[in-house]
Structures are given as C-alpha cells and as structure tokens.
Protein chains: 4
Amino acid sequence: MGATGTMGNKIRVGILGATGYTAVELMKLLLRHPHAEITVLTSRQEGRPSVGSVHPSLHGRLPLCLEDLEPRVVAERADCVFSCLPHAASAEAVSALLDAGARVVDFSADYRLDSPASYREWYEHEHPDPARVGGTVYGLPELFRERISEARLVANPGCYPTSAILALTPLLKAGLIDVADIIVDSKSGVSGAGRTPKLATHFPECNESFSAYGVGRHRHTPEIDQVIGRATGQSVSVIFTPHLVPMDRGILTTAYSKPLRDASDAELTAAVREFYRGEPFVRVRDSLPATKDVSGTNFCDIAVRRVRQRVLTISCIDNLIKGASGAAVQNFNLMYGFPETTALL
Amino acid sequence: MGATGTMGNKIRVGILGATGYTAVELMKLLLRHPHAEITVLTSRQEGRPSVGSVHPSLHGRLPLCLEDLEPRVVAERADCVFSCLPHAASAEAVSALLDAGARVVDFSADYRLDSPASYREWYEHEHPDPARVGGTVYGLPELFRERISEARLVANPGCYPTSAILALTPLLKAGLIDVADIIVDSKSGVSGAGRTPKLATHFPECNESFSAYGVGRHRHTPEIDQVIGRATGQSVSVIFTPHLVPMDRGILTTAYSKPLRDASDAELTAAVREFYRGEPFVRVRDSLPATKDVSGTNFCDIAVRRVRQRVLTISCIDNLIKGASGAAVQNFNLMYGFPETTALL
Amino acid sequence: MGATGTMGNKIRVGILGATGYTAVELMKLLLRHPHAEITVLTSRQEGRPSVGSVHPSLHGRLPLCLEDLEPRVVAERADCVFSCLPHAASAEAVSALLDAGARVVDFSADYRLDSPASYREWYEHEHPDPARVGGTVYGLPELFRERISEARLVANPGCYPTSAILALTPLLKAGLIDVADIIVDSKSGVSGAGRTPKLATHFPECNESFSAYGVGRHRHTPEIDQVIGRATGQSVSVIFTPHLVPMDRGILTTAYSKPLRDASDAELTAAVREFYRGEPFVRVRDSLPATKDVSGTNFCDIAVRRVRQRVLTISCIDNLIKGASGAAVQNFNLMYGFPETTALL
Amino acid sequence: MGATGTMGNKIRVGILGATGYTAVELMKLLLRHPHAEITVLTSRQEGRPSVGSVHPSLHGRLPLCLEDLEPRVVAERADCVFSCLPHAASAEAVSALLDAGARVVDFSADYRLDSPASYREWYEHEHPDPARVGGTVYGLPELFRERISEARLVANPGCYPTSAILALTPLLKAGLIDVADIIVDSKSGVSGAGRTPKLATHFPECNESFSAYGVGRHRHTPEIDQVIGRATGQSVSVIFTPHLVPMDRGILTTAYSKPLRDASDAELTAAVREFYRGEPFVRVRDSLPATKDVSGTNFCDIAVRRVRQRVLTISCIDNLIKGASGAAVQNFNLMYGFPETTALL
C-alpha cells in the first residue's frame, strides 16, 4: 500500500468480468466502503459500455466503463483485483495479476480444490496454473481467518459450500455427528446460475417451478468434501443435491447427519453457538431461519434440530453476498487490515 | 373433410413451430378435443426430438416427433394446420399450405393488418403473401363469428389486441365513449415474450421487477387500431403501452376513454353485458377482475368503471389461451362446425 | 345409485367446506366430468354466497350457493360427498354422512392413520369416530385400487405422503433399498398451506424466500410411515422435512435411501417403471422432473439416481391435483366404475 | 439537540408502530446512520417482544424490545420520532409527541392533505388534530426542501404520490403538458399493502396474478391532486388507478398527459433533467426504467416519451424506501442538518 498504490488512503480496486451478478453486487458493496475505490472494470463486451448501461441499477453511481484489458494493465491501475471470470479463464488472469504484483480475490473455483487432479476430474479441464493449486487459502474467515490476512491470493468460496461448511463444521469438530454419513440437500435462488440467458433459467421455465439439477455431479461436491476435510482433519464424502428455487437470491441448506451421541436440540445449538462466538456474520438461532432473513446481508443463519435418529442443520445465506461478493469484501477487509464488517452492515 | 382427409371422424391437425409456448398449450387443448387428432408437428430443431423431450409436461401423452418438413408434406398429413411460426416465415408457409388445400389458423401477425403497407411500416419487412393481406378474417369470434365459419384461413388475434378490442368495442359501438381519445395500458405475463431465452426475460432480470417496454412502437398498436376501426366503422388511433409483469401468464388491460354522455357504472356495465349476451367466453363482471380469475381458461373477464371524467374498462385474459391457443381452438371449432366451447371448458 | 339418487345418469356430488383451494380445484375437475353433477356445496360463511363470489374463477360456471347445512341434508341432495373440512370437524361430518347413506371421499387426515392412538399423538385431539379408524381404505389407487372400488369411505391421501409413498414403495418392495434409513426432503408450493391468511403465507413474507417448517413434527410423518409400512409389510420410520417454496402449487420430494445391493440408475429406474407399468398417472422418467412438468395435472413424475452410497428418488406432483382433488376424482371414478382417467386428462 | 437530548452526538430516535414493513426498513437504514441511535420502539403487541423475534432479519442487530408506551414516555427517550401508525391513530400520537417537545416524521396520511374536510371525505374519519392540517410541510425534498429543514413535523409522502408527483411536476411547471387531463396508471408490489395478513395479499391469491384495485377511490388521489396543485399553482384532478404486482417491492407509474406544445422525447427529457439537476436521488434516464433498477435504494428513476398525441412519464421507486422509509431518513437528514444522502447510498 505504498504511495503509488493507493488513492489517498484508499485501496484501488479492479473487477474482472464486471457484467455478472456477483460483480454488480460487489460494486454496490464497495461503493459503501470508505477505504476502497473502484478504478477499473473489465469485460469482453465491445464498445467500452458504461457501468450504467450494463447495470441500470448503478446508473449515475460509478463513472467508469467496462474495458477489454490485459491483466497487466489492470494490475497497473488496481492494488487489489476481484476476478469474476469463469473458471479456467480466471486462473489465467489471476496468475498474470499476481505476477504483476496485485493482490487477488478469485470468485471462480480455480484455486479452491486440493489438487490439479481433482480439478481435472470435476471441471474437465487442465488447470492453467497448477503450481498454486492446493496452497491457496480458502476465503472462509470463520475457518481460515489468520491465513486470509496474509494472503496475496484468496480463493473466494462457492455459494453452496459456504452454506454447507458453516453448517456442518462445528458439529463435526465437536464430535457430535458422524463424518461418514452426511447428506446436503441445498436449494438456491436463480441468480446463482449467472446472468447468461439459458432455457433453464428463462422466466416462464423456472418460475412457478421447483427442480433438482446436477444430481450427483455438481462441482461444489468436491469443494464441500475437501474444505470440511481440511477443517476437521477427517475424510468426508457428502451426498450433495442442489435444487433451483423460483426466487432471485438465497440458499437454504438442509444437512442431515447422524449423531455420535445423544444430544438435544439445545445442546446441539449451544455447540454451534459456542463455535461461532464472536463471529460477526454467523447467527445461530433457536427459530428456523428463512432465506429472506439474510437476503441482502452477509449473514449466515443456522439452526439445529434433532429429528429421530438424525441431526438436521439448516443454514441460510444470500448466495450473492455471503455466498460471493460479501465474503469477498470480508476477505478484502482482512487482507488490508480494515475492520472485518466494513461496508457489510 | 372427405374420407381421405379425416381419421375416422376426426380432423387431422398439424402444428408448425411446435417448440413454443403457444404450441404446447394448443397441444394440451387439442388432446382434450374429441374431434381432433394431432398428426404432425414441425420444428427446425435437428434430430426429430420427441414431444416429451421438448415439452416435458407432455411426456407420454403424444407419440409424435417434431420434424423439419415442407408445408406441402404437412398438408398431406393434416386437414387443418396451426402455424406458430414467427411473422414472415409464417406467411410463406401459410401460403403454401393453402395452395396445397389445407385450412389454416395463423398465430402470427402476418394476416392481421389491413394492408401490406401497414405491415411493412410496423414489421419492417416486405409481406411474403401480399395478395391475401386485408382480406383475411380476423379470428375474434365475438366480432367476426360468421366469417370465421367459412374461412379457409383465419388470422388468430394478438394477445394484447384481444384484451383491448373486447374491452372497448361494445362501448364504442354503443356510442358511450369517444373514439378520438383512447389509452390502452396493458400488462402481460412473461410467457407472452416467447420461449427463446433473452436477457430481458432471464429470471433474475424480470422477476421481482415491473417495467414498460416497446413504448410507442409495439406492433400490436396498428392491430388494435385497425380491428376496432373495422368493427366500429370509426378511425381509431390508440395510445398503447405494454408492461411486463413477473408472472407466467395473463394480461390485464386498463383502457381509459372519454364518456360521450353521462353514464353510471351500472349503465356502462349493462351496455357491455348486453353486447356479449350469449357469448360463452366473455364474462362481464361487477367486481374487478384479476388475471388469476381467467388463468388457464378461454375466458375474457371485463369490468367497467366511471372515474371522474373517464371511463375505465378493465379486461383480463390468459395470454396463452384466449390470447392465443384457446382462441385458435375456438376458431377451429367454428371452422369445422363443432360446438364452439368444445375442449375449452 | 337408484333412480332417486342420480340426475339422469349422473352421480350427484356434494362438497363440504367449499371455500378452500382443494374445493375449487375439485369443482373445476368435476365440471369436466360427464358423469358427475355438483348439487350441493357447504360452508359456514354467512349469507349463502354464490360460488362466483367466493371463487371468481368460477364466475358463471356453477349456479350454486355455499350453504351452511347439516350432513343429513347434504346426504339427501348428494350420492357422493367430498369433505374438504379440517381434521376432526371432517370425521364428525363424515360419520353422519355415512350413516345417512352417502359415499364419502375425505380430504382430511381423519381416516388415514392406523389407530386412534396415533391420531391422538399427532393431531392432539381425541378422534370423533374411532371405530372407523384403521379400517378405512387409503385412496392411493396405485397401491390400493381394488379396495377403493368397493369402498363407501375413502381416506384421500395427504399431498406430501403421495409424493413420498409413490417414490419409495417400488424400490422397497423390490428389495433395492433399505427400509431402515430413509430421508424424505420435500418442498411444496404455498397453496398447500390452505386459504386462510396467516403471516407465514402473507405474500411479502414468503415470496422471495425459502424455508423449512414443522421440522420433526409435521403430521404427514406418521402417514408416510404407516402407509409405506402397510404397502411393504415393513416397519418404517422416515425423517421427513417439509419446506415452503415461493410458488402456488407443486411438490417435489427428494428421498434419500441406502441401496441394499449395487444397482445402476438404469436398473433402479427400470424397477420403478416396471412397478408402475400401465398406471395412467405415474410417469417414470429418465430426465429429472420439475414441478412445472406436472402442474395442473394428475401426474406423478419420478426419476431415480444413484449418488455415491445413496439412492435418490425424486418425485413431483401438483399438490392440489394428484396431491388432493385429482386423486379424489380418481378415487371417485374407481368407486363408481367410471374409466379411471375420466376428467383427469 | 441539547446535551440532554442526544447520545454523545447522536440523535435519539423512536419508532411508533415498529412491527410493519416501513418500520423494519427504517431500522435497517438507521442502523447505518452515523448520527442516529434507535432508542425506543413501540407496538401494541403484548409481552415486549424483542426486535429479532418480530423481524428475524434484525436478529442480533438491535438490542431493543417493542413496548406498549404512551407518546409522552416515547418523547422522553427520543429526540425525533417516526410514526408508522395507521392514520388517525398516528395523529393522536403525533399531537402528543409534538406537545411533549419531540420532532416527528409521520408516515401516515394524517398531515398530508390540505384540509380536515378533504381528510374527512377520503378517510371517512374526523381528524383528531385538525389545527395542524394544511400547515404541515409535505416531506418531498425535491419540492419542499427548505421548509423541511425547519420543520418540527414532517408529513412523509405516500408511495404512489411520490412516484406521480416527481414524474409530473417538472413538465407541468415547464408548461409542457396540460394540467387538465392527466392519467396516473400505477403498479405496486405487495409490501405496499402492509404486513397484516388478508385474503387479497395471501400468497396463492395474489401470486401469479395482476389486478387493479381501489379504482376511483384510492386515498392517494387527493394527495396527488393537492400536492401537484401546491407545487404548480394549478388545480389538478388526476385519474389515478393503482394495480397490484406479484412482487415484494417497487412502484412503476405510467402517467399520461397532453402536450401543450410539440416537443420531442429529447426536449421533454431535458426539461425534466434540468428540473432535477443536482438532486441526489432523482435519475432522469434515456432508457426505460424498471422497478428493479431502484429496488433497495432511495432513487426515483424517470423517463419521458412522446407517443402520438400524448406524453408518457414513467417513474420507478422502491415503495418502502423512496416511497416511505428512505424518504423519512432523507427528511431526518434535512431536519438535523446532516448531509442529505447520509445512510441512503
């Protein structure tokens, strides 16, 4: 953060792939951030469109255009770069940005998995930057806060994994549930599918409808397995089923696990509450949460219930905030030493 | 309807452009029709997909594939053909179908307007079959029932025009409102925009949002003008504004006109009710209608109110039924002498 | 069905509690039924409101009023009575109707469970007609068709149980999955909560939101257990979690079970397909179903997938049709010897 | 703002009627306000419920309970009080609050109209505080900024009136449109109907439906007339029609007026843009606005179009922000000399 790298005392921020939903949400958060200044936005769209023409909600709020720029040029104009590019394309850009001296928060899955082999298996692509895979910090502050503070590159978590990992880790670490038998039944609003029009997310197709998709082959499966494994030191292999809910935003995850010892709702809840004591963005609740309770916020609300021979952990996040751009700002705050809740409350 | 042209006593029906929403709705109605048999479906999609793979709701209900066929071939397999093709493409096919001896209900706008010149102005295209333009019957049974019965080609009405014309014509013909000053403020569900994915109808764009579109230049404007003109013998030039409602189906039109003489709500309502006496699909109501009241039906519900120096006529239809496929089946029933409500109640 | 009991050759039908969503759906189906005539409707609303004033969608379609009548009077006017009353109130009326000679389809849960004790435990109410509990036929034709034909009283199934039982029974009976470890994660549209306005179903509360409710204590739990138990001869104790989806209608159930032997997706699917061979309303599909595929229909669509060490069975129904009124008409058809699909396709 | 009246340098804020949607939205905005501290909340609910139990989205964010308090007690604990009470009840409380020395922003309609007679006519109630009616400042900063700064009582504008007045006033004051012939066709999300569950706003009733309501008798009609009259010095009598859109929040108003002289889209737009030059919350746009563009913000987006012999002015606001709580905070900022955009960007 030398004199050349900041605007006054503000961190200069760039965003790659600024046309999507996570990017616009990130811009809105950063416009409230007293120590960040958005200085460069990229897109492969022709004609250098203004922010307001691409995102009408930002009309008049950010006097920038979306430019088709090389990572090297972006690194000259920004201290910290958020990459909202698709996987593979992101790693190529991130690698160049890091080499050029920028710090990076990567929204793609490129640096989340343990190994290039796992990446190849699930993303059906040879990793463009294999050397950094496995060693990159996973940007979930509730589990990896210290490492984030020092990181030059943070792999921003996936939306479903955030909801599942935050729900399950405390009970696993407390030895209250069995790592060997976990079902993660998740439900997401449609913004999670991105902004590119497709038949499945065409309004008259998915409105007034509910469906499962990607059963048994969703790419967030290995991410959930590996990060829970990293956090608990136990090998995990969850059954993960995503569903599409006819709403804009929000994820609710219903996780089913087996109790390792008899415990009441109150005991289970207390264990999770203790784990998250002092966390600014996790709210362990006695009542059942709804996605609307966290909509537009960086909160993750969690409730726990014992039902017959199972423990249910129900968690809610806003997929675009705690599941993407809010988490990214939380990571940014940690990376630069700002109060963790800056621009997020 | 000779021996070769029917299956038993059933009319053989073909549908051109069977991938869209009006086509699937039409198939559902015709599957209930005791005197119709769907025999051929076309699409330019490759690979002869089955109906069920294109429209999962019809899984197992209709053992046909969508084929890429010439109109001439379709006319061999069907007595009556419904064209759900886009404008211009439709007229080319319709022209060939008629020449080959089929009767046709055309869902496109190609045969709705008065003249090739008007068509050229609003559709920015030279009409492919100008000789038939202007002389084709407009398939609104409430106004043109007799001509429909004899027609070999019926121009199926547009969805917005149906709601506006049915609302305004009775009061105009009764001399109760002024033809010179009419505003038609219409609101439609998203299925009206068709099944091709676009950004404007991508779920997270239009859900939880309401907007006007095509202000001052929607192609249904001349259709409303010309058909009301034809029905009333008066020259009309409406202000028409369509809006997009975050719901699957339904159109509500709020039409504003000036009273020519003082009349109460009751008198205005009585005049409209008298006009539609005996009509099976127009319900003139004392209470205000909602689009849900007619959803999935061929009804048009209408209410009239005097507000200060204006008359408000509020009409509701299901844009895919009375605004498209239901009207088409109603026309089909008239063309073949079946009871008009067959398959529609 | 003597000369006095029918209108021409039509069965006279009464509906108790005709103000709700299942009642209006039932009326719409019966209006298409060639052998049924709705003759009496009841409600405790004062002033004998017309059908059209209570249900605007039925304006002009059914010239009846909702009356506050004793069961005995209803039994004089109807051969078959559908009770859409709440539990307990329903059993009181049903008991009187049966005594008065009517045949009855009961939409409430009053006659679904095995014993008055189970009823008391889950419904916190002493059963008003304990003698008939346990012996009443459960109106799921796919499992109990023969008994339905002869029944004077049919307990119409609950919506969630229908989706769960149809999904799980074939694999259990084929010995392909373990009865001891079953999770039923269900998601329902809001109409399932009934028509009485409450905060939880107030539009701005549940729209754009997704939540679990009744976790561990939903009254459909014992129904699922007991009916699967009855059908398979095995004791079952499922983990059942209902969720509320921001849409009008539809239920999707994701059921998780453990395979008893290795079987591929294709083998599992084939077993379910074989079980339902010839069933008019169960469609076993290779592709994943969405609730929209069955919306407005009496179909139950089912798909099966093997995911790691689990079998997923995904089923979709329209909660108001196959989950309520469509099933009731299907039962009615069986009770009176009409083709089972009458008024349902 | 004496030493006793502030907490440190913060204004102590109270909210009457804290259970509704405008109240929760107000709390969220004030939680971001560096110079405001919420100190007291009232409700007639029994049992002093916590904020989090009434509004789960505020779980853990505001350690207060909702209390059933007299205005006098509220005035002891707060410098500025926002009343979210229903009309009539509000005036009674406001009167007492003002007498006790508090400054007040009143969300109800009680102080918006010109006279007790007009109030009696439209609200069918004798005004409880007639002396203050007519003299109270109308809290629309774009028109009445100076008076707001000095006010002890501000009548916070209605949601529909805000959208209509902001759209029409500039063109009227510029002499570009005719005051004698104005139609205001407005469409609102369901949160505008409040939080009390009713059949009309029960999810399965209004979801997937669109309807007009209160035609010719909505209470915002005289408010639009009188405030436009006040701002332009011309007598106005608009035709106002509200509609209900199946979405949580947002109002779009399509206003139709007659041009007084020929003017292009560009000239009309320029006139409106000039009028709002420097305004922080009005965005005059060339493209057509959608309610989603302003959702969650205090912006009012406006576009103007000439269509045949009419001028269309289309405006969008978030009914809960610029249409209620955002406007209230904007007024609060003006009343206390804070930058007008504080907590609103």
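All of these numbers come straight from a predicted model, not from anything done at the bench.

> Teacher, can you tell me more about the overall build of chain A here?
Looking only at helices and strands, chain A features 12 helices and 15 strands. Relative to a compact globule of 345 residues, whose C-alpha radius of gyration would be 20 Å, chain A shows 20 Å and is just as compact. Seen along its three principal axes, the alpha-carbon backbone of chain A occupies a region of about 60 × 45 × 40 Å. Across the 345 residues that make up chain A, the buried fraction comes to 59%. Sequence separation of 24 or more characterises 69% of the internal contacts of chain A that already satisfy a separation of 6 or more.

> Teacher, can you tell me more about the interface of chain A and chain D here?
Think of interface size as the accessible area that goes away when the parts come together; that is how it is often given. Facing 11 residues of chain A, the contacting portion of chain D comprises 11 residues. Looking at side-chain class alone, the side of chain A that touches chain D contains one nonpolar, five polar and five charged residues.

> What's the story with the relation of the copies chain A and chain D in this structure? I'm lost.
A rotation about some axis, followed by a shift along it, carries one copy of the chain onto the other. With an RMSD of 0.0 Å, the operation that places chain A on chain D is a rotation of 180° combined with a shift of 0.0 Å along the axis. Viewed as a symmetry operation, the transformation between the two copies matches a two-fold axis. For chain A, the smallest separation between a C-alpha atom and the rotation axis is recorded for Glu-208 of chain A, amounting to 4.2 Å. Taken as a fraction of all interface residues of chain A, those also at the interface in chain D reach 100%, which identifies the copy contact as same-surface.

> What is the right way to look at the domain arrangement of chain A in this model?
All names here are of chain A. Here chain A is described as being made up of domain 1 (3-157 + 323-336) and domain 2 (159-319). Placing a centre on the C-alpha atoms of domain 1 and another on those of domain 2 gives a separation of 25 Å. Contacts between the two partners involve 20 residues from domain 1 and, on the opposite side, 23 residues from domain 2. Among the elements of the structure, helix 5 (116-123), helix 6 (141-150) and helix 12 (321-336) are those that each provide at least two residues to the side of domain 1 that touches domain 2. Across the side of domain 1 that touches domain 2, the residue classes break down as 11 nonpolar, six polar and three charged.

> What's the story with the pairing of strand 5 (residues 80-83) of chain C in this structure? I'm lost.
Strand residues, when the strand is regular, have side chains that alternate between the two faces of the sheet. Residues and elements named next belong to chain C. Residue alternation in strand 5 divides its side chains into two sets, Cys-80 and Phe-82 and Val-81 and Ser-83, and both sets are buried. As defined by bridge partners, strand 5 adjoins strand 6 (residues 103-106) across four bridges and the pair is classed as parallel. Of the residues in strand 6, the one forming a bridge with Ser-83 is Asp-106.

> Explain the sheet that holds strand 13 (residues 282-284) of chain D to me, please; I cannot follow it from the model alone.
Remark on secondary structure: sheet strands pair via backbone hydrogen bonds, oriented parallel or antiparallel. Residue and element names in this part refer to chain D. Spatial strand order, 10-11-9-12-15-14-13: seven strands in an open sheet with mixed pairing. Both edges of this open sheet fall to strand 10 (211-212) and strand 13, since each of them pairs with a single strand only. The sheet contacts of helix 10 (residues 265-275) involve strand 13, strand 14 (300-307) and strand 15 (310-317), and relative to strand 14 the element is tilted by about 150°.

> Sorry, what's going on with the interface of chain A and chain C here?
Taken together, the contacts link 33 residues of chain A with 33 residues of chain C. Among the secondary structure elements, those contributing two or more residues to the side of chain A that touches chain C are strand 9 (183-188), strand 10 (211-212), strand 11 (239-244), strand 12 (251-257), helix 11 (291-294), strand 14 (300-307) and strand 15 (310-317) of chain A. In the side of chain A that touches chain C, the residues fall into 16 nonpolar, nine polar and eight charged.

> I'm lost on helix 6 of chain A in this one. Help?
The periodicity of an α-helix, 3.6 residues per turn, causes residues three or four positions apart to be oriented the same way. Residues and elements named next belong to chain A. Among all positions in helix 6, only Pro-141, Glu-142, Phe-144 and Ile-148 are buried. Seen end-on, helix 6 carries its buried residues on one side only, within an arc spanning 125°. Turned more than 90 degrees away from the buried face of helix 6 sit Glu-146 and Glu-150, all of them exposed. Summarising the contacts, the buried residues of helix 6 are in contact with strand 7 (137-138), strand 8 (153-155), helix 7 (159-173), strand 13 (282-284) and helix 12.

> Help me understand the sheet that holds strand 12 (residues 251-257) of chain C in this model?
All names here are of chain C. Strand order in the open sheet formed by seven strands is 10-11-9-12-15-14-13, with mixed pairing between adjacent strands. Two strands bound the open sheet, and with one partner strand each, they are strand 10 (211-212) and strand 13 (282-284). As defined by bridge partners, strand 14 (residues 300-307) adjoins strand 15 (residues 310-317) across seven bridges and the pair is classed as antiparallel. In the sheet register, Arg-305 faces strand 15, and the bridge partner there is Leu-312. Against the sheet, helix 7 (residues 159-173) engages strand 9 (183-188), strand 11 (239-244), strand 12, strand 13, strand 14 and strand 15, with an angle of about 40° to strand 12.

> It is not clear to me how the packing of helix 7 (residues 159-173) of chain D against helix 9 (residues 220-232) of chain D should be interpreted in this structure. Could you clarify?
For any two helices packed against each other, the geometry is given by the interaxial angle and the distance between the axes. Residues and elements named next belong to chain D. The geometry of helix 7 relative to helix 9 is characterised by a closest axis approach of 10 Å and an angle of 30° between their N-to-C directions. What the angle tells us is that helix 7 and helix 9 run roughly parallel. You can see that helix 7 and helix 9 cross each other, and the crossing is right-handed. Taking contact as the criterion, the partners of Tyr-160, Pro-161, Ala-164, Ile-165, Leu-168, Thr-169, Leu-172 and Lys-173 in helix 7 are, on helix 9, His-220, Glu-223, Ile-224, Val-227, Ile-228, Ala-231 and Thr-232. Considering only residue class, the contact of helix 7 with helix 9 consists of 10 nonpolar, three polar and two charged.

> Explain the environment of Leu-41 of chain B here, please?
All names here are of chain B. Along the chain, the position of Leu-41 falls in strand 3 (residues 36-42). Under the C-beta neighbour-count criterion, Leu-41 is labelled buried, with 28 such atoms within 10 Å. Residues Leu-41 and Asn-9, spaced 32 residues apart in sequence, show a C-alpha to C-alpha distance of 20 Å. Every residue in contact with Leu-41, bar those within four places of it in the chain, is listed here: Ile-15, Ala-18, Val-51, Leu-64, Leu-66 and Glu-67.

> Even after reading the chapter, I still don't get helix 7 of chain A, so can you show me in this structure?
Residue and element names in this part refer to chain A. Taking 1.5 Å as the rise per residue, helix 7 with 15 residues should run 21 Å; its terminal C-alpha atoms sit 22 Å apart, in good agreement. Most pronounced at Ile-165, the bend in helix 7 amounts to some 30°. With respect to burial, helix 7 is a largely interior element, 14 of its 15 residues being buried. Backbone geometry just after helix 7 places Gly-175 at a positive phi near 70°.

> Would you take a moment to explain the pairing of strand 14 of chain C for this structure?
All names here are of chain C. Along strand 14, six of the eight residues are buried, which leaves the element largely enclosed by surrounding structure. The pairing of strand 13 with strand 14 spans three bridges and is parallel. Looking across to strand 14, one finds that Arg-283 is bridged to Asp-301. In sequence, strand 14 turns back onto strand 15 through a hairpin of two residues, with Arg-308 there showing a positive phi of about 50°.

> Is there a simple way to explain unusual backbone geometry in this structure?
With the exception of glycine, most residues fall at negative phi, and the peptide bonds are largely trans. Residue and element names in this part refer to chain D. Positive phi outside glycine occurs at Glu-208, with the angle close to 55°. Considering the arrangement of structural elements, one finds Glu-208 in the loop between helix 8 (203-206) and strand 10. We classify Glu-208 as buried; it has 24 C-beta atoms within 10 Å. For Ala-343, which is not a glycine, the phi torsion comes out positive at approximately 70°. Assignment of secondary structure puts Ala-343 in the segment after helix 12 (321-336).

> Help me out: how do you make sense of the packing of helix 6 of chain A against helix 12 of chain A in this one?
All names here are of chain A. Here helix 6 crosses helix 12 at 40°, and the two axes come no closer than 8 Å. Considering only the axes of helix 6 and helix 12, their crossing is right-handed. Counted together, Pro-141, Arg-145, Ile-148 and Ser-149 of helix 6 and Gln-330, Asn-331, Leu-334 and Met-335 of helix 12 form the full contact between these two elements. Here the residues of the contact of helix 6 with helix 12 sort into four nonpolar, three polar and one charged.

> Help me out: how do you make sense of the environment of Asp-286 of chain D in this one?
All names here are of chain D. When you line up the elements, Asp-286 lands in the loop between strand 13 and helix 11 (291-294). Classification of Asp-286 as exposed rests on a count of 12 C-beta atoms within 10 Å. In this structure, the C-alpha to C-alpha distance between Asp-286 and Arg-305, residues 19 residues apart in sequence, is 9.3 Å.

What counts and how
Residues numbered from 1 in each chain as written. Chains lettered and ligands numbered in written order. Predicted model: local features only at pLDDT ≥ 70, side-chain atom pairs only at ≥ 80, totals over all residues. Helix = DSSP H or I, 4+ residues; strand = E, 2+ residues; numbered from the N terminus. Rg over C-alpha atoms; globule rule 2.2 N^0.38 Å. Buried ≥ 20, exposed ≤ 12 C-beta atoms within 10 Å, placed from the backbone. Contact = placed C-beta atoms within 7 Å. Nonpolar A, V, L, I, M, F, W, Y, C, P; charged D, E, K, R; others polar. Least-squares fit on C-alpha atoms with pLDDT ≥ 70 in both. Domains from an automatic or database assignment. Pairing = 2+ DSSP bridges. Axes fitted to C-alpha atoms, helices over the stretch in contact; angles between N-to-C directions. Arc of directions from axis to C-beta. Parallel < 35°, antiparallel > 145°, perpendicular 65-115°, else oblique. Left-handed = near helix turned anticlockwise from the far one by under 90°. Expected span 1.5 Å × (residues − 1). Bend = angle between axes of the 7 residues up to and from the residue.

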